[in-house]
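Observations on chain architecture
Each chain, letter by letter, is given below.
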Amino acid sequence: MSQAELDQQFMQQAIEQAKLAALAGEVPVGAVVVRDGKVISSAFNKPISTHDPSAHAEMLALRAAAQSEENYRLPGTTLYVTLEPCVMCSGAMLHARLDRVVYGAADPKTGAAGSVFDVFSSKQINHQTSVEGGVMGEECGQLLRNFFKERR
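Residues numbered from 1 in each chain as written. Predicted model: local features only at pLDDT ≥ 70, side-chain atom pairs only at ≥ 80, totals over all residues. Heavy atoms only, no water.

Per an unreviewed UniProt entry, the protein goes by tRNA-specific adenosine deaminase and derives from Polynucleobacter asymbioticus. Recorded in UniProt for the protein, the comment headed Subunit (unreviewed entry) runs: "Homodimer." Per UniProt, the protein has the following entry under Catalytic activity (unreviewed entry): "adenosine(34) in tRNA + H2O + H(+) = inosine(34) in tRNA + NH4(+)". (UniProt positions renumbered as here; feature names shortened; annotations may be inferred.)

Pasting the structure below:
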């Protein structure tokens with residue numbers, strides 16, 4: 001299976017997580033962490049229900065992966081997320097030493113992987129994480145548009 005096919009397969013799993021978030025009344029963002037072709041954690045947004053501004057899907061997936069691996073460093077992993085990560089999540093991903101971040105929809109308001117900021121491109125940071133955006137971006141973006149349309 002090609003890398004593009006794998007990326008779509010795992011992004012689909014992140015989309016399923018995002019749908020769970022929407023059902024829970026949360027902004028529909030989902031994330032999965034993968035190592036060697038296996039999902040080691042998955043999560044969806046929970047800041048509203050947990051009253052926790054840091055409970056983004058990516059943060060929860062990173063925490064679960066670190067617990068599963070018994071290591072706060074996650075080399076050799078890829079995090080798939082349906083929305084471009086914010087500064088907080090991007091920083092955590094760099095600290096975790098992820099190999100790759102793959103996101104779906106760009107976030108023109110708070111995106112930190114190229115839309116507003118580009119945290120990952122800084123050469124001063126001692127770890128470089130590769131980033132790929134736009135994987136199933138239309139489907140990911142439509143989930144968000146539908147969610148906010150219903151709320152207005």
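Now, onward.
All right, on to the pattern of salt bridges then. The tally for this structure, following the rule as stated, stands at 5 salt bridges. In this structure, Arg-100 and Asp-7 form a salt bridge, with 3.0 Å as the shortest nitrogen-oxygen distance. Taken together, the positions of Arg-100 in strand β4 (residues 100–105) and Asp-7 in helix α1 (residues 3–23) put the pair 93 residues apart, joining distant regions of the chain. For the pair Arg-100 and Asp-7, one class covers both residues: buried. What emerges from the salt-bridge pattern is a single network uniting Asp-7, Arg-100 and Glu-132. (Salt bridge = Lys/Arg side-chain N within 4 Å of Asp/Glu carboxyl O. Helix = DSSP H or I, 4+ residues; strand = E, 2+ residues; numbered from the N terminus. Buried < 20%, exposed > 50% of the residue type's maximum accessible area, 1.4 Å probe, protein only.)

The next thing to look at is the packing of helix α3 (residues 57–69) against helix α4 (residues 87–95). Relative orientation of the contacting elements α3 and α4 amounts to 25°, with a least axis distance of 9 Å. The angle between the axes of α3 and α4 places the two elements in the roughly parallel class. For the pair α3 and α4, the sense of crossing is left-handed. Taking contact as the criterion, the partners of Glu-58, Met-59 and Leu-62 in α3 are, on α4, Met-88, Cys-89, Ala-92 and Met-93. A class-by-class count of the residues in the contact of α3 with α4 yields 6 nonpolar, no polar and 1 charged. (Axes fitted to C-alpha atoms, helices over the stretch in contact; angles between N-to-C directions. Parallel < 35°, antiparallel > 145°, perpendicular 65-115°, else oblique. Left-handed = near helix turned anticlockwise from the far one by under 90°. Contact = heavy atoms within 4.5 Å. Nonpolar A, V, L, I, M, F, W, Y, C, P; charged D, E, K, R; others polar.)

For Thr-77, the position within the fold is in strand β3 (residues 77–83). What Thr-77 contacts, discounting residues up to four positions off in sequence, is Val-33, Val-34, Arg-35, Ile-40, Leu-98, Asp-99 and Arg-100.

Between its terminal C-alpha atoms helix α5 (residues 137–151) stretches 21 Å, which fits the 21 Å expected from 15 residues at 1.5 Å a residue. Restricting attention to buried positions, one finds in α5 the residues Gly-137, Cys-140, Gly-141, Leu-143, Leu-144 and Phe-147. Axial view of α5: buried residues confined to an arc of 150°, hence all on one face. Facing away from the buried side of α5 by more than 90 degrees, the exposed set consists of Glu-138, Lys-149 and Glu-150. Contacts from the buried residues of α5 go to α1, β3 and β4. (Expected span 1.5 Å × (residues − 1). Arc of directions from axis to C-beta.)

Below, the discussion takes up the nonpolar core. The biggest cluster of nonpolar side chains holds 40 residues, and the ones touching the most others in it are Met-11, Leu-62, Leu-79, Tyr-80, Met-93 and Leu-98. Of all the elements in the fold, those that place two or more residues in this core are α1, β1 (30–35), β2 (38–44), α3, β3, α4, β4 and α5. Apart from the residues within four sequence positions on either side, Leu-79 is in contact with Ala-31, Val-32, Val-33, Glu-58, Leu-62, Met-93, Leu-98, Arg-100, Val-101 and Val-102. (Core = buried A, V, L, I, M, F, W, Y, C linked by side-chain atoms within 4.5 Å.)

A grouping of Val-87, Val-116 and Phe-117 is seen on the molecular surface, where their side chains present a nonpolar patch of about 250 Å² in accessible area. Relative to the elements of secondary structure, Phe-117 occurs in the loop between β4 and β5 (130–132). (Patch = residues over 30% accessible without salt bridge, like charges linked within 9 Å, V, L, I, M, F, W, Y side chains within 5 Å. Areas by Shrake-Rupley, 256 points an atom, 1.4 Å probe, with all protein chains shown as cover.)

Any two aromatic rings considered together are summarised by their centre-to-centre distance and by the angle between their planes. Tallied over the entire structure, the rule returns 2 aromatic pairs. Each ring, one from Phe-10 and one from Tyr-80, has its centre 5.5 Å from the other, and the planes form 40°; the classification is tilted. Placement of Phe-10 in helix α1 and of Tyr-80 in strand β3 is noted, with a sequence separation of 70 residues between them. Given a relative accessible area of 2%, Tyr-80 falls into the buried group. With a centroid separation of 5.2 Å and 85° between ring planes, the pair formed by Phe-147 and Phe-148 is classed as edge-to-face. Judged by its relative accessible area of 9%, Phe-147 is buried. By relative accessible area, Phe-148 is classed as partly exposed at 32%. The ring centre of Phe-44 lies 5.0 Å from the NZ or CZ of Lys-46, which sits over that ring. (Phe/Tyr/Trp six-rings, centres within 6.5 Å; stacked < 30°, edge-to-face > 60°. Lys NZ or Arg CZ within 6 Å of the ring centre and 35° of its normal.)

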